[in-house]
Amino acid sequence: KGVATGDLNRFIGKFWEYPLERGLWAPLQVSVGENVNYGGRSDAIFWEFGNGRLLEFVTEKLGEGKTGAWLRGREAWGRWGIAVSQMSSLSTSLYSGDLFDENTAVIIPKDTDHLAAIFSFCRSDEFRSEVKKIDASSLKIPNLTMLKVPFEIDRWKTISLEDFEGGLPVPESDDPSQWLFSGHPRNTDEVLQVGVIRLAGYLWPRQSECKLAGCTQLDSDHLEQHADADGIICLSALKGESPAEQRLNALFADAFSADWSAAKLAGLLADVGFAGKSLDDWLRDGFFSEHCELFHDRPFIWHLWDGRRDGFHALVNYHRLAAPNGEGRRTLERLIYTYLGDWIDRQRAEQKAGAEAADARLAHAEHLRAELIKILEGEPPYDIFVRWKPLHGQAIGWDPDINDGIRMNIRPFMTARPLGAKAKGACILRATPKIKWDKDRGKEPDRDKADYPWFWGWDEASAAFAGGATFDGNRWNDLHYSRSVKQAARDRQAANAGTKL
C-alpha cells in the first residue's frame, strides 16, 4: 500500500510545479487509467527526505509514534515491480522504486528475473478476471487480493518473451507531463509546446540534477543556449530582443537540423488546429490554452496579456516568477518596468505619430501595468493566501513560496482583469485555467486562533468570518488579508519570540 498524506493539496502536486533537483520534493508514482509500460509519473510529494513537514503533520494528526498507517510502502521503495491501480480497471505500469500513492498497489517479485512474466500477467484480461472472481464488488480492490490469484509462471514467462522481445523497455516517455520525458522536441508529439517551454528555460527532471529511480541523467542537448536569460519572452520585439516567433524558429532549426523547414512547421501548426496560420498566431491564440490542458491546469509558462490581440503579450517562466530570495519579485518588476515599460513608451510614440489604434493599445497597456503593480504590492484581492501557513508567515506583496504550488500562487494573476474585460472569468492570463480556491477535503488538527483564525469559523454563504470561538478546522482557501494585518502578525510573532528568549 502507498503513502496517504491527510492533506493532498498541501503535500502532493505536479512535478513541473516544483524544483525537484533541490530534493525537497520527490517523484510520486500514481495510478494509471490504462495499461502502459511507464505511466503515472506526473506527481510529486513534499517529502523533505522523509523528515519534514509531512512527517510532523501526520504525527500531529495521529499522535506520537502512529505514522505507519500513513507513511507506508517502504518495503517497495528502491525496488522494481508493477504498479497496479486499485480501482476497478486494475490498470498497470512498470514501477521503478519511487514513493507511490494510496490508490496504487505495488507488486514486487521475490525474484527480479520474474518481473517480465508477472508484468505480462498483470497487463492481461486474465489477471482482472481472476481478481474479480475473488472480489467483484469493491470499487477499490484491497492490495492483498491481488496476490490471491493463480499464476502459472512458466506459461507467463513464455508469453513475456513475445510481449517484450529483447527484454523489458527502458524507462522513458514521449509525454512531457511525465518526468521520464527527455525534454527534446524531437522526442514527442507535443513539439510546439516543448519548444516554448525550453525557450523559457525550463528543464525536465532527467535534464537537471534530479535523481530518478531506474534511469540515468541525460547529457546536454545544447538547446539551453536558446533559453531566455530572465524567463520573460515577449511576443513582440522589445528591449533589443527578437520576437518570440523568431526565437522559437531558431530553437527548432537547431533541434531538427536539416529536418526543419517551413513545411514541417506548417504541418505542426495544422496538427494543433492552426492550418494556414503563422507561429505567431499560435503563440498569441493557441499556446496557453493547450498548455493548460496538457499540464492539468497547472500551467508553468504563463502567458500574460493586456486583453488586446495586437497588444502586449509575454510568456513568463513561473519558476523564475516564484524564485526564492526576492528573485521572483525582481522578475515581476522586470516584466512591469522593463518590458511592459518599453511597450508603453512605444505606444506613446505611436500615439504622437497618429498611428491607428495606438490610443487603445496604450490604455490597455497602462491598465495592465496598474494591475501588475497591485499584484506586486499584494493588497486584497491581489494577495497570496496559503491556508496551511500561519498569519505571520503569509506573503506580504509578491513574495511567493514555490513550495506552495501553482494553485496558491497563481490566484492574483487570475484576479487581475484586462481593461474592459466582459467575459466571465477573464483575466490577464491569455486563457483561464480551471482552478478553484473553495474548501478542500479534510479537517485541520487543532490550531492556535491567533496564527490560524480561518480555522475558527468561516461563514461560506456570506464569505466572512463568523466570529465564533469554536475551532472547526475547515480548509478554506479563498481568503484575503491586508498587508497591515499580516505585518501586525509578524510584529506580534517577533515580540513573542523576544519574550521567550
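Refer to the structure printed above.
Residues numbered from 1 in each chain as written. Predicted model: local features only at pLDDT ≥ 70, side-chain atom pairs only at ≥ 80, totals over all residues. Heavy atoms only, no water.

Chemist: Tell me about the packing of aromatic side chains, and name the residues and values.
Modeler: Two numbers describe a pair of aromatic rings. These are the distance of the centres and the angle of the planes. All chains considered together, the criterion is met by 32 aromatic pairs. With 5.2 Å between their ring centres and 75° between their planes, F15 and W16 make a pair best called edge-to-face. Comparing F15 with W16, the two get one shared label, buried. Above the face of the W305 ring, R430 is positioned so that its terminal group lies 4.1 Å from the ring centre. Sitting above the plane of the Y452 ring, R447 keeps its charged end 5.5 Å from the centroid. (Phe/Tyr/Trp six-rings, centres within 6.5 Å; stacked < 30°, edge-to-face > 60°. Buried < 20%, exposed > 50% of the residue type's maximum accessible area, 1.4 Å probe, protein only. Lys NZ or Arg CZ within 6 Å of the ring centre and 35° of its normal.)

Chemist: So what about the packing of helix α6 (residues 191–199) against helix α7 (residues 244–256)? Which residues, and what values?
Modeler: It is at 10 Å that the axes of α6 and α7 come closest, and there the two elements cross at 110°. With respect to each other, α6 and α7 are oriented roughly perpendicular. Packed against α6, whose contacting residues are V191, L192, G195, V196, R198 and L199, the element α7 presents A244, R247, L248, L251, F252 and F256 at the interface. Partitioning the contact of α6 with α7 into residue classes produces 9 nonpolar, 1 polar and 2 charged. (Axes fitted to C-alpha atoms, helices over the stretch in contact; angles between N-to-C directions. Helix = DSSP H or I, 4+ residues; strand = E, 2+ residues; numbered from the N terminus. Parallel < 35°, antiparallel > 145°, perpendicular 65-115°, else oblique. Contact = heavy atoms within 4.5 Å. Nonpolar A, V, L, I, M, F, W, Y, C, P; charged D, E, K, R; others polar.)

Chemist: Outline the pattern of salt bridges, supporting the account with residue identities and numerical values.
Modeler: Tallied over the full model, the rule gives 38 salt bridges. Note that R186 and D259 form a salt bridge whose closest N and O atoms lie 3.1 Å from each other. Note that R186 is positioned in the loop between α5 (153–163) and α6 and D259 in the loop between α7 and α8 (262–271), a separation of 73 residues in sequence. Using a relative accessible area of 40% as the deciding quantity, one classes R186 as partly exposed. (Salt bridge = Lys/Arg side-chain N within 4 Å of Asp/Glu carboxyl O.)

Chemist: If you had to explain the sheet that holds strand β8 (residues 232–234) to someone new, which residues and values would you point to?
Modeler: Where strands meet in a sheet, backbone hydrogen bonds hold them as pairs that are either parallel or antiparallel. Overall, antiparallel pairing links the 3 strands, which are arranged β8-β10-β9 in an open sheet. Two strands bound the open sheet, and with one partner strand each, they are β8 and β9 (301–305). Each strand of the sheet is rotated relative to its neighbour by a mean of 20°, with strand direction disregarded. Pairing between β8 and strand β10 (residues 313–317): 3 bridges, direction antiparallel. The partner of I233 across the bridge, within β10, is L315. (Pairing = 2+ DSSP bridges.)

Chemist: Can you lay out the nonpolar core for me, pointing to particular residues and giving the numbers?
Modeler: One broad trend across soluble globular proteins is that nonpolar side chains are buried collectively. Core analysis: the biggest nonpolar cluster contains 125 residues, and W282, F312, L332, L372 and F413 have the highest contact counts within it. Non-local contacts of F312, meaning those with residues more than four positions away in its chain, are made with C234, L238, L304, W305, D306, L335, Y339, L340, W343 and L368. If you look at the next biggest cluster of nonpolar residues, it comprises 10 residues, including F455, W456, W476 and Y481. (Core = buried A, V, L, I, M, F, W, Y, C linked by side-chain atoms within 4.5 Å.)

Chemist: Can you lay out the pairing of β9 for me, pointing to particular residues and giving the numbers?
Modeler: Of all 5 residues that make up β9, 5 are buried, and the element is covered over most of its length. By the alternation rule, side chains of β9 split into I301, H303 and W305 and W302 and L304, which are all buried. Sheet topology note: the β9/β10 ladder contains 5 bridges and is antiparallel. Note that in β10 the partner of H303 across the bridge is L315.

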